[in-house]
Amino acid sequence: MPMVFLNVDDGGLQSQLPGHLQRVRLDDLRAGLDASSKYFLGLVSQSYPVTKLGNGRISLKAILEEPETEPSSTKVGAINIFAFGKMAEVCAKRVRKGDTLAITGFKIVKSPSGYKDGRHHCQLELDGENASSVYRCKSDAVLAEQAESSGPKQKYSYTPLDQLIKNTVVNVFGVVTFFKPPTCSKGSDYYSLITITDRSNVKLTCMLFSGNPESLPKISKNGDIVRFHRLRIKEYKNEKQGSVSAGFSSLVFDGTPGAPVIPRTSSKTFCFSEEDHNTVEVLRSWACSQVSSSRSSVMLSAVQPATYFDLACQLVGKAEVDSCSFLLKVWDGTKCQYPHNVCFGNGAMEGDPEIIHQLRNLTIDILVFDNHAQEAKSLKVGSYLTIYNLHAKCHTPCDEEANIPCLEFQLHGGTGFARGIAVIPENSYYFQELERRLGAVDPQDYQDLEGISSLEFSDTLNELSCREALSTSTNQDFVPARSIERCQQSSATVLTAHQHMKTTPLHIIKKSTAPQKYRIRAKLSHFEPEVLSQSVKLHCPKCNSLQDVPGEEDLNFILQDCAAMAQHQSLPNALYNSFIWTRENQEEQKIAVHFLKKENWSTPQETMIMIEGGSLQEMYTLSGQFHSVIPVRSEKEHLFLANLSAPYLFQGKQCYYGCKLCSSPKSLEGLHVLTKSDSYKPDAVAAALGIVPLQYVVIMNFTFSDGTGSLDAYLWNCSEQFFQIQASEMLVNDAMQEKLHDVMNILCPSRAKLDDHPWLECCIRSYNNKDETKPRVLYQIFDTVFAE
């Protein structure tokens, strides 16, 4: 009986369960607890696709939220659950977000990701073959959502903000008086902080969390009108606060009187009545006279030195400055009255060189830092943005006699004062007004003006290469504002360079000789390997060889063979101290541990140890307690690496391997160079031991289709850039594994038709494979990233 469906509401669910079961709450869950007579009740806040484990079994992950838990309290309100085998198959077909579940027959084990994702430190595991059961009913929120999309439209009642009662779920209308754009939280979710008011003049602060930033309200500016359905009202620090509940949905409307009443939402279906239309109009009129807009967008022509302001603009170019800062080149149709500059190195500027040149007297360069730099990487050139709390920072005057300040525009790190970047929705009145304004500007009117951007100097230095790039472009005429966006049509990927290249159909590429570079626009019809963990390989940068990452079973055998030959000697040596330990409950099975000496006494977290005769589990256990662990063997009073088929170094969860072909292992006496070091970097350890380290890489084969043909292209030497995930993290970090799975599910939905797959813009290069008996042309992806 893996799953039972009950036609009852949430309140009646518990009365339908077997009488001997007792409810257990999150606060009472702990590893090892006997749950044979218990059940856990929760709302499904997130459900992930089915994945295949290394042993061939399938698994499904979901997140259950305890209904009565206060979201604003310090208590954990959610827990991860995993279903395996047939239970996973059934849950994948029947369980959806918003359902209420009561689960029984589960195991309680420690969660490896509890300290990272902010959820319970334990997780619940279900297996249909071991008497696990799931009782499911659809919640009121899901039934209400279905009512919106089919049948007679449901009439909703809305609660004025002065009549809210804590621990209730309500529907409300309000005017935005303050907001923070969706921002990544300390966990894996995004959040948006929004304050609203209505004609009662009562304000309500809402802290809204979601795993997908696109599902959060799409607010453009203060004064926007919002409609929230199924908003949970809680109490935080003696004040009422709004948060999401199961089935939460939002609509956002431009607050400008007379603007079209067009809702902005990520929901595919929603109900919007004539009465709702009138409510929006009434709130617009009321807000004009009653709600003071403490912040509004400022034109560049009106910007004053040493001020903070919001800027509505279009992105025409961007470039990475360093690991924690990014440059955005933008314009808003007016010219800044003050000279301005930015310190920028030799990084490649992404954007159409001709348009950047045409707008050089109207654009400004903005440096964004820290968390905003990461966000800027995913912005598409041509998109319309609102940049909040932008700083017009004063620098040394360009003309000291005239005392004219020189400005540098900066978006500082953090989210204080609602600092951030938001893409303006295309269907908003705000977007249409900005587009109309930019389209009316003729850049030729500004060609002879002085005080151009400092980047023109670097443009002049690169004029020759810029002209060469432009000569390959088919479009030599400037089209203002929207031309960039037409070139950058909606795509699930972003090009980091080569914007000047025109798109080439796949059937033409396959008929062309190699080597060449192309820009393609196609859909991903298939990828390999389907088990994503198998895409991680070990690559030697010296001999260019590739090999699979050894599995735990293989490593166990390798280390067992080494342990069988271990001499377990306590070696007198000036470099390390040796100790012989006997394993508990195992006669005559010993392990030798050698501690690397340092000039200053170290804590375990700063200590390197060498293990002779240890098992894989012991390596993992000790690497969690000590900084670095090296598996070794002893020979004639010297220590050597145990086996190059095993890692030469364990650090935490990370394993570091060496190339057996290129390495020339030395004795561990070579580690003396590290005794004066403050850290044990893997590359330094490898160099001291004569090891050529292997690099973790992700290698995948993408099959593209654009209607003219199909083509296979490899993704590997730019895979970390493409996924924005380190290859080494994919094997040890659950969050990174989930992210990779989510990315591939977006690019190539497993159950969707090819027509429903997103378009991808990619740069690919062709090359001849000379290693085979019959040479053939292969293709490789480069300078492309996934657009988060």
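Residues numbered from 1 in each chain as written. Predicted model: local features only at pLDDT ≥ 70, side-chain atom pairs only at ≥ 80, totals over all residues. Heavy atoms only, no water.

A.B. asks: Would you explain the overall build of the chain in this entry?
C.D. replies: From N to C terminus, the chain includes 17 helices and 39 strands. Across the 788 residues of the chain, 49% fall into the buried class. Taking the intrachain contacts of the chain between residues at least 6 apart in sequence as the baseline, contacts between residues at least 24 apart amount to 66%. If you sum the accessible surface of the chain, you get close to 37900 Å²; carbon and sulfur atoms cover 50% of it. (Helix = DSSP H or I, 4+ residues; strand = E, 2+ residues; numbered from the N terminus. Buried < 20%, exposed > 50% of the residue type's maximum accessible area, 1.4 Å probe, protein only. Contact = heavy atoms within 4.5 Å. Areas by Shrake-Rupley, 256 points an atom, 1.4 Å probe, with all protein chains shown as cover.)

A.B. asks: What exactly am I supposed to notice about the packing of aromatic side chains here?
C.D. replies: Two aromatic rings are characterised by how far apart their centres lie and by the angle between their planes. Under the definition given, this model contains 13 aromatic pairs. Arranged with centres 4.5 Å apart and planes meeting at 25 degrees, the rings of Tyr-384 and Phe-431 form a pair that is stacked. Highlighted residues: Tyr-384 in strand S20 (residues 384-399) and Phe-431 in helix H8 (residues 429-439), separated in sequence by 47 residues. Take Phe-431: its relative accessible area is 3%, and that puts it in the buried class. Ring geometry for Phe-702 and Phe-704: centres 6.1 Å apart, planes at 75 degrees, overall edge-to-face. Judged by its relative accessible area of 1%, Phe-702 falls in the buried class. By relative accessible area, which is 0% here, Phe-704 ends up buried. Through a chain of ring-to-ring contacts, the aromatic side chains of Phe-702, Phe-704, Phe-722 and Phe-723 assemble into a single cluster. The ring of Phe-782 has Arg-765 lying over it, and the distance from NZ or CZ to the ring centre is 4.2 Å. (Phe/Tyr/Trp six-rings, centres within 6.5 Å; stacked < 30°, edge-to-face > 60°. Lys NZ or Arg CZ within 6 Å of the ring centre and 35° of its normal.)

A.B. asks: Where do I start with the nonpolar core in this structure?
C.D. replies: A general tendency of soluble globular proteins is for nonpolar side chains to be buried together. Core analysis: the largest hydrophobic core is formed by 58 residues, its most contacted members being Ile-520, Phe-702, Phe-704, Phe-723, Met-744, Leu-747 and Ile-764. Counting residues in each nonpolar core, the second largest holds 25 residues, with Cys-313, Leu-315, Val-368 and Leu-411 among its members. (Core = buried A, V, L, I, M, F, W, Y, C linked by side-chain atoms within 4.5 Å.)

A.B. asks: Looking at this structure, I do not really get the state of the cysteines. What am I missing?
C.D. replies: Each disulfide is one covalent bond, formed between the sulfur atoms of two cysteines. Taken as a whole and assessed by the stated rule, the structure comprises 0 disulfides. In this structure Cys-394 is a free cysteine whose sulfur lies 9.2 Å from that of Cys-406, the closest cysteine sulfur available. For Cys-394, a relative accessible area of 37% gives the class partly exposed. (Disulfide = S-S within 2.5 Å.)

A.B. asks: It is not clear to me how empty space enclosed by the protein should be interpreted in this structure. Could you clarify?
C.D. replies: A probe as big as a water molecule, rolled over the atoms, marks out the empty space that is left. Considering all chains together, one arrives at 7 cavities of 30 Å³ or more under this definition. What the second largest cavity holds in volume is close to 60 Å³. Residue assignment for the lining of the second largest cavity shows that the elements contributing at least two residues are strand S5 (58-65), strand S6 (78-84) and strand S7 (99-104). (1 Å grid on protein atoms, 1.4 Å probe; cavity = no way out; pocket = protein on both sides within 12 Å on 5 of 7 lines; lining within 4 Å. Points joined across faces, edges and corners; volume = space filled by probe spheres on them.)

A.B. asks: I would appreciate a short explanation of H8 in the present structure.
C.D. replies: Each full turn of the α-helix corresponds to 3.6 residues, which orients residues three or four apart in the same direction. Every buried residue of H8 is accounted for by Tyr-430, Phe-431, Leu-434 and Leu-438. Projected down its long axis, H8 shows its buried positions confined to an angular sector of 100 degrees, all on one face. (Arc of directions from axis to C-beta.)

A.B. asks: Quick question: what am I supposed to make of the environment of Asn-371 here?
C.D. replies: Tracing the backbone shows Asn-371 in helix H7 (residues 371-377). Residue Asn-371 is classed as partly exposed on the basis of its relative accessible area of 32%. Filtering out sequence-adjacent residues up to four positions away, Asn-371 remains in contact with Gly-413, Gly-414 and Thr-415.

A.B. asks: What am I meant to see in the pattern of salt bridges here?
C.D. replies: Side-chain pairs of opposite charge can arise whenever the charged atoms involved come near each other. Here the structure, examined in full by the defined rule, presents 12 salt bridges. With a closest N to O distance of 2.1 Å, Lys-61 and Glu-738 form a salt bridge. Separated by 677 residues along the polypeptide, Lys-61 in strand S5 and Glu-738 in helix H17 (residues 734-747) bring together distant segments of the chain. The exposure class assigned to Lys-61 is buried, which follows from its relative accessible area of 9%. Its salt-bridge partner being Glu-761, residue Arg-519 comes within 3.1 Å of it at the nearest N-O pair. Highlighted residues: Arg-519 in strand S24 (residues 516-528) and Glu-761 in strand S37 (residues 759-769), separated in sequence by 242 residues. In this pair, the class of Arg-519 matches that of Glu-761, namely buried. Taken together, the shared-partner salt bridges connect Lys-221, Asp-224, Asp-254 and Arg-264 into one network. (Salt bridge = Lys/Arg side-chain N within 4 Å of Asp/Glu carboxyl O.)

A.B. asks: I'm lost on the confidence of the model for the chain in this one. Help?
C.D. replies: Fine structural detail should not be taken from predicted coordinates in areas where pLDDT scores are low. When pLDDT is averaged along the chain, the result is 79, and 81% of the positions lie at 70 or above. Between residues 70-74, whose pLDDT stays under 50, and residues either more than four places distant or in other chains, the model counts 9 contacts. Within the model, pLDDT remains below 50 along residues 448-489, and this stretch shows 74 contacts once partners closer than five positions in the same chain are excluded. (pLDDT = per-residue confidence, 0-100.)

A.B. asks: Help me understand the sheet that holds strand S34 (residues 695-698) in this model?
C.D. replies: Each strand in a sheet pairs with another by means of backbone hydrogen bonds, the pair being arranged parallel or else antiparallel. One open sheet accounts for 3 strands, arranged S26-S25-S34; its pairing is antiparallel. Edge positions in the open sheet fall to strand S26 (546-548) and S34, since each of these has one partner strand only. Sheet twist, expressed as the average angle between the axes of neighbouring strands with direction ignored, equals 45 degrees. (Pairing = 2+ DSSP bridges. Axes fitted to C-alpha atoms, helices over the stretch in contact; angles between N-to-C directions.)

A.B. asks: Would you mind showing me how to read helix H14 (residues 616-623) here?
C.D. replies: Listed in full, the buried residues belonging to H14 are Leu-616, Met-619, Leu-622 and Ser-623. Buried residues of H14 fall within an arc of 130 degrees about the axis and therefore sit on the same side.

A.B. asks: Could you clarify how one ought to interpret unusual backbone geometry in this entry?
C.D. replies: Generally, phi is negative for residues other than glycine and the peptide bonds are trans, each holding for most cases. Pro-515 follows Ala-514 through a cis peptide bond whose omega is 0 degrees. Of note, the bond from Glu-528 into Pro-529 is cis; its omega dihedral lies within 30 degrees of zero at 0 degrees. Looking at where Pro-529 falls in the secondary structure, it is placed in the loop between S24 and strand S25 (536-539). Of note, the phi angle at Asn-201 is positive, near 65 degrees, even though the residue is not glycine. Along the chain, Asn-201 falls in the loop between strand S13 (190-197) and strand S14 (203-210). By relative accessible area, which is 53% here, Asn-201 ends up exposed.

A.B. asks: When you look at the environment of Arg-519 in this model, what are you seeing that I'm missing?
C.D. replies: The class for Arg-519 is buried, based on a relative accessible area of 5%. Placed 243 residues apart in sequence, Arg-519 and Cys-762 show a C-alpha to C-alpha distance of 5.8 Å. Polar contacts involving the side chain of Arg-519 include one to the side chain of Glu-761, which spans 3.1 Å. (Polar contact = N/O pair within 3.5 Å; in protein donor to acceptor, adjacent residues only side chain to side chain.)

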